[in-house]
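One-letter residues, chain by chain:
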Amino acid sequence: MRANSHCGHSGHSGHSGHSARPALAVRRALRAAAAAILLACAALGAGFGTAWAAVPIVIIVGDGPGEGFNDPTPAAPVGGNTGTTLGEQRLIAFTHAANLWGSQLTSTVPIRILAAFDPLPCSANSGVLGSAGAWDVFADFPGAPKPNTWYPAALANKLRGADLSAPGDPHIGATFNSRLGLAPDCLPGGGFYLGLDGNFGNGTDFVTVLLHEMGHGLGFQTFTDEANGQYYAGVPSVWDHFLLDNRLEHEWVELTPAQRAASALSIDGLSWNGPVVTAAVPAVLDPVSRLTVAGPAAGPAARDYEVGDASFGPPLANPPLVGQIMPVVDQADGRGLACDPLSPLNALAVNGNVALVDRGACTFVQKALNVQNAGAIAMIVVDNVPGAVTGLGGADPAIAIPAVRVTQDDGNAIRAQLQRRSRTRSGVTASLGVDPQRLAGADMQRRILMYAPNPVQPGSSVSHYSTAAKPNQVMEPAINGDLTHDVAPPRDLTLPLLQDIGW
């Protein structure tokens, strides 16, 4: 997955064809295994507790000597991870995440996960964290709840009560970025945090990444092509029985390939229609955040706006926070990046007001700290590219003001009404609160939305929850700073979805 926005899970690509087994199966090749470790969860000691091990999980290490999980680089213990080498700490974190999932699931068949570290696409500002997916998919096996339907290997085994895969084959394949944070061209300073306590600071919490990628392998993915709507080998996945085009009120198995393809890029037109998730949505999702612009100088900008929430700072609430909108101006073209401490004029403008800043050049957290230090009571970030609104990532407990993001078009409409401002007043007010009648990331029937951006993003579209969900969910296409290690209500909706498909 991408550190700034997208996950690269395996999905349906790379299958080699049909198997000759009685249960129809499709297999993906990843890499040869070097070692296997059985996680007898309850036997791992006091750190895990006796309630664990509902599903034993086997890690098959796919790295060679001296690399990945076998990397001998010395490492100091961190955050409850007692490993003394980089490879050992990676394996301990993997074991911890596997046990978190194993404690939530039931199956008589151990789950085998083939895992390795390899160089993955990366730059100084973004990178693929990892990718994962089912190794095999099966249809029409004894005990399959739905005929002519693909099931991922681990779930198919649970439903069958026996291992349908070839002896020794993994059920899930996973690869993680070996260069993350360790090279100047791969998110320098933002590498994996290998502690088990969630105190990741500026790093990327590896346990959260693992929970996400294992979720894909357990079944949080469709095998249908999200770009053209075609079933894999003419067979729908179990996922497709619960994906709902909420504009047509039809599930994907009822649609044509063209209708499925249109649904996959409908932005807010794709919902999950499973009963377990839908029953849990009201207890998990918060009311949708709302920006209302008004005031004597607001003119045509006076209206309600959709906003993306920040993973840092306090959440919006009612009664709303109300203040004058004042722009930061530190660029020759009139924009304001707020990447440095504000000048005296900009500090005067935003003090006691809502600061309007532009995306780009530094982190959202840095912008928030700079306007907060200048006395701003809230921050609105204007996107620097067209597209649907998304949230603001990052984490810093020092941020005490709320922050939201608006689209480029909406931000420019607001900015146009600030041209006749004084040094401290604009006559354009922002009211930042919530709409108690709507849930963030849900449709009007309170079914959670799936990720359906336009254009389609292969490997991310459809097989994730919407980025509009609040609080952020483990199975969104980005790893957000406010995530915990929970995969179940009242914090998260990942487990309910897996239960909908058969877990």
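Thresholds, definitions, all that
- Residues numbered from 1 in each chain as written.
- Predicted model: local features only at pLDDT ≥ 70, side-chain atom pairs only at ≥ 80, totals over all residues.
- Heavy atoms only, no water.
- Helix = DSSP H or I, 4+ residues; strand = E, 2+ residues; numbered from the N terminus.
- Buried < 20%, exposed > 50% of the residue type's maximum accessible area, 1.4 Å probe, protein only.
- Areas by Shrake-Rupley, 256 points an atom, 1.4 Å probe, with all protein chains shown as cover.
- Pairing = 2+ DSSP bridges.
- Contact = heavy atoms within 4.5 Å.
- Axes fitted to C-alpha atoms, helices over the stretch in contact; angles between N-to-C directions.
- Disulfide = S-S within 2.5 Å.
- Salt bridge = Lys/Arg side-chain N within 4 Å of Asp/Glu carboxyl O.
- Lys, Arg positive; Asp, Glu negative; His and termini not counted.
- Polar contact = N/O pair within 3.5 Å; in protein donor to acceptor, adjacent residues only side chain to side chain.
- Phe/Tyr/Trp six-rings, centres within 6.5 Å; stacked < 30°, edge-to-face > 60°.
- Lys NZ or Arg CZ within 6 Å of the ring centre and 35° of its normal.
- Parallel < 35°, antiparallel > 145°, perpendicular 65-115°, else oblique.
- Nonpolar A, V, L, I, M, F, W, Y, C, P; charged D, E, K, R; others polar.

Draft legend 1. Layout of the overall build of the chain. Of the regular secondary structure elements, the chain holds nine helices and 22 strands. Within the chain, the fraction of its 503 residues that count as buried is 55%. Summing over all exposed atoms, the chain offers an accessible surface of approximately 19,000 Å²; the carbon and sulfur share of this is 56%.

Draft legend 2. Structural detail: the sheet that holds strand β18 (residues 321–327). Pairing is mixed across the open sheet formed by eight strands, whose spatial order is β16-β15-β22-β18-β19-β20-β21-β17. Strands at the two margins of the open sheet, each flanked by one partner only, are β16 (303–306) and β17 (308–309). Relative to strand β21 (residues 403–406), strand β20 (residues 378–382) runs parallel, the two sharing four bridges. Its bridge partner lying in β21, Ile 380 is registered against Val 404. Contacts from helix α7 (residues 364–373) reach β19 (354–358), β20 and β21 within the one sheet, and its direction differs from that of β20 by about 140 degrees. In the packing of helix α8 (residues 408–416) onto the sheet, contacts are made with β15 (287–294), β16, β18, β19, β20 and β21, and the angle to β20 comes to roughly 120 degrees.

Draft legend 3. The state of the cysteines, seen in detail. Overall, the coordinates contain two disulfides when judged by the stated rule. Across a sulfur-sulfur distance of 2.1 Å, Cys 339 and Cys 362 are joined as a disulfide pair. Where Cys 339 bonds to Cys 362 through sulfur, the torsion about that S-S bond is close to -90 degrees, and the disulfide is left-handed. Of this pair, Cys 339 sits in the loop between β18 and α6 (344–350) while Cys 362 sits in the loop between β19 and α7, and the two are 23 residues apart along the sequence. Summarising the burial analysis for this pair, Cys 339 and Cys 362 share the class buried. Across the chain, the way the bonded cysteines pair up, counted in sequence order, is 1-2, 3-4.

Draft legend 4. Representation of the pattern of salt bridges in the model. Evaluated as defined, the whole model comprises twelve salt bridges. As a salt-bridge pair, Arg 179 and Asp 185 come within 2.5 Å of each other at their nearest N and O atoms. The class of Arg 179 is partly exposed, set by a relative accessible area of 27%. Ionic pairing is found between Arg 303 and Asp 410, a salt bridge with its closest N-O pair at 2.9 Å. In this pair, Arg 303 is assigned in strand β16 and Asp 410 in helix α8, connecting sequence segments 107 residues apart. Residue class for Arg 303 comes out partly exposed when judged on its relative accessible area of 37%. Because the salt bridges share partners, they merge into one network encompassing Glu 249, Asp 443 and Arg 447.

Draft legend 5. Fine view of the side chain of Asp 205. With respect to the helices and strands, the residue Asp 205 is situated in strand β11 (residues 204–205). Although Asp 205 is buried, it forms no salt bridge, and the closest oppositely charged side chain is Arg 491 at an N-O distance of 11 Å. At 2.6 Å, the side chain of Asp 205 and the side chain of Thr 208 are in polar contact. If near-sequence neighbours (up to four positions away) are discounted, Asp 205 is found in contact with Tyr 193, Gly 195, Gly 198, Phe 200 and His 485.

Draft legend 6. Spotlight on the packing of aromatic side chains. Scanning all chains against the criterion turns up 14 aromatic pairs. By the ring-pair criterion, three or more aromatic residues cluster together here, those being Phe 69, Phe 94, Phe 117, Phe 176, Phe 192 and Phe 206. Above the ring of Phe 117, the side-chain terminus of Arg 90 is found at 4.0 Å from the ring centroid.

Draft legend 7. Expanded view of the packing of helix α5 (residues 275–284) against helix α9 (residues 494–501). Between α5 and α9, the least distance of the axes is 7 Å, while the angle of their chain directions is 155 degrees. By the angle between their axes, α5 is roughly antiparallel relative to α9. On α9, the residues that touch Pro 275, Val 276, Val 277 and Ala 280 of α5 are Pro 496, Leu 497, Gln 499 and Asp 500. For the contact of α5 with α9, the class distribution of residues is six nonpolar, one polar and one charged.

Draft legend 8. Structural view of unusual backbone geometry. Here the amide bond leading from Asn 318 into Pro 319 is cis, since omega sits at 5 degrees, within 30 degrees of zero. With respect to the element layout, Pro 319 can be found in the loop between β17 and β18. The omega torsion of the bond from Pro 489 to Pro 490 falls at 10 degrees, within 30 degrees of zero and hence cis. Within the secondary structure, Pro 490 sits in the loop between β22 (429–439) and α9. The backbone of Leu 187 shows a phi angle near 45 degrees, a positive value even though the residue is not glycine. As for its position among the elements, Leu 187 is in the loop between β9 (172–177) and β10 (192–193). With a phi close to 65 degrees, Arg 446 is a non-glycine residue in the positive phi region. Along the chain, the position of Arg 446 falls in the loop between β22 and α9.

Without other data, these values stay purely geometric and don't point to any function.
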